[in-house]
Amino acid sequence: MKRFDLTFRGDILPDHEPDQVRDGFAELFRIRDPLVLDELFSGDAFVLRSNLDRKAAADYFRRITDLGGSAELIASETPPANTATRPQGSFTRLPTADPAAFR
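Heads up: these notes are all about the structure in this document. The model shown is predicted, which means the values in this text are computed figures rather than measured ones. (Residues numbered from 1 in each chain as written. Predicted model: local features only at pLDDT ≥ 70, side-chain atom pairs only at ≥ 80, totals over all residues. Heavy atoms only, no water.)

Quick look at unusual backbone geometry
Right, on to step 1. Backbone geometry places Asp 15, a non-glycine residue, at a positive phi of 70 degrees.
Right, on to step 2. Note on placement: Asp 15 falls in the loop between β1 (4-12) and α1 (18-28).
Right, on to step 3. Looking at Asp 15, the relative accessible area reads 82%, which means it is exposed.
Right, on to step 4. With a phi close to 55 degrees, Arg 30 is a non-glycine residue in the positive phi region.
Right, on to step 5. Tracing the chain through its elements places Arg 30 in the loop between α1 and α2 (34-40).
Right, on to step 6. Taking the relative accessible area as the measure of exposure, Arg 30 reaches 58% and is therefore exposed. (Helix = DSSP H or I, 4+ residues; strand = E, 2+ residues; numbered from the N terminus. Buried < 20%, exposed > 50% of the residue type's maximum accessible area, 1.4 Å probe, protein only.)

Side note on a negative patch on the surface
Right, on to step 1. Among the surface-exposed residues, Glu 17, Asp 19, Asp 23 and Glu 27 lie close enough to one another that they form a single negatively charged patch.
Right, on to step 2. Among the secondary structure elements, Glu 17 is positioned in the loop between β1 and α1. (Patch = residues over 30% accessible without salt bridge, like charges linked within 9 Å, V, L, I, M, F, W, Y side chains within 5 Å. Areas by Shrake-Rupley, 256 points an atom, 1.4 Å probe, with all protein chains shown as cover. Salt bridge = Lys/Arg side-chain N within 4 Å of Asp/Glu carboxyl O. Lys, Arg positive; Asp, Glu negative; His and termini not counted. Charge placed at Lys NZ, Arg CZ, Asp CG, Glu CD.)

Points about the packing of aromatic side chains
In this description, an aromatic ring pair is defined by two values, namely the gap between the centres and the angle between the planes.
Right, on to step 1. Enumeration over the complete set of coordinates arrives at five aromatic pairs.
Right, on to step 2. Pairing Phe 25 with Phe 29 gives two aromatic rings, centres 5.6 Å apart and planes at 35 degrees, and the pair type is tilted. As far as the burial class goes, Phe 25 and Phe 29 line up, both buried.
Right, on to step 3. Arranged with centres 5.8 Å apart and planes meeting at 5 degrees, the rings of Phe 29 and Tyr 60 form a pair that is stacked. A residue pair is termed long-range when its members are at least 10 positions apart, and Phe 29 in the loop between α1 and α2 and Tyr 60 in helix α3 (residues 54-67) qualify at 31 residues. Both residues of the pair, Phe 29 and Tyr 60, belong to the buried class.
Right, on to step 4. Through a chain of ring-to-ring contacts, three or more aromatic side chains come together here, namely Phe 8, Phe 25, Phe 29, Phe 41 and Tyr 60.
Right, on to step 5. When the ring centre of Tyr 60 is taken as reference, the NZ or CZ atom of Arg 63 above it lies at 6.0 Å. (Phe/Tyr/Trp six-rings, centres within 6.5 Å; stacked < 30°, edge-to-face > 60°. Lys NZ or Arg CZ within 6 Å of the ring centre and 35° of its normal.)

Section: the pattern of salt bridges
Opposite charge on two side chains allows them to pair when their charged atoms are near.
Right, on to step 1. Inspection of the entire model under this criterion finds four salt bridges.
Right, on to step 2. With its nearest N and O atoms 3.1 Å apart, the salt bridge here joins Arg 62 to Asp 66. Here the residue Arg 62 and the residue Asp 66 both occupy positions in helix α3, the gap between them amounting to four residues, near one helical turn.
Right, on to step 3. Judged by relative accessible area, which is 42%, Arg 62 ranks as partly exposed.

Examining the nonpolar core
Nonpolar side chains in soluble globular proteins tend to be buried together.
Right, on to step 1. Of all hydrophobic cores here, the largest spans 20 residues; its most connected members are Leu 6, Phe 25, Phe 29, Leu 48 and Ile 64.
Right, on to step 2. Contributions of two or more residues to this core are made by β1, α1, α2, β2 (46-52) and α3.
Right, on to step 3. When residues in this core are grouped by element, the largest group, four residues, is from α1.
Right, on to step 4. Once residues lying within four places of it in the same chain are set aside, the contact partners of Leu 6 are Phe 29, Phe 46, Val 47, Leu 48, Arg 49, Leu 52, Tyr 60, Phe 61, Ile 64, Ala 71, Glu 72 and Leu 73. (Core = buried A, V, L, I, M, F, W, Y, C linked by side-chain atoms within 4.5 Å. Contact = heavy atoms within 4.5 Å.)

Rendered as structure tokens:
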């Protein structure tokens, strides 16, 4: 069965207020630390949840979209047998491509 990672780069959909989107994220992901929210909305890519089944991935994606955030679902590279979950409120920053690496 295909698994998904839910990623977010801090993008806000048109016609949505940034403060309301941030407040919605804080509630959805139970984030109490404003510095964590600042990081999530910094423009860097983060994995919010990993190794989700199709139903859970679609539910999170819809909820974020309803809040006004622009999330992305990508195929999970975590083996299906490894169902370990990260602690609540722990997000993984995705590495950025180093433009110098292509010179």
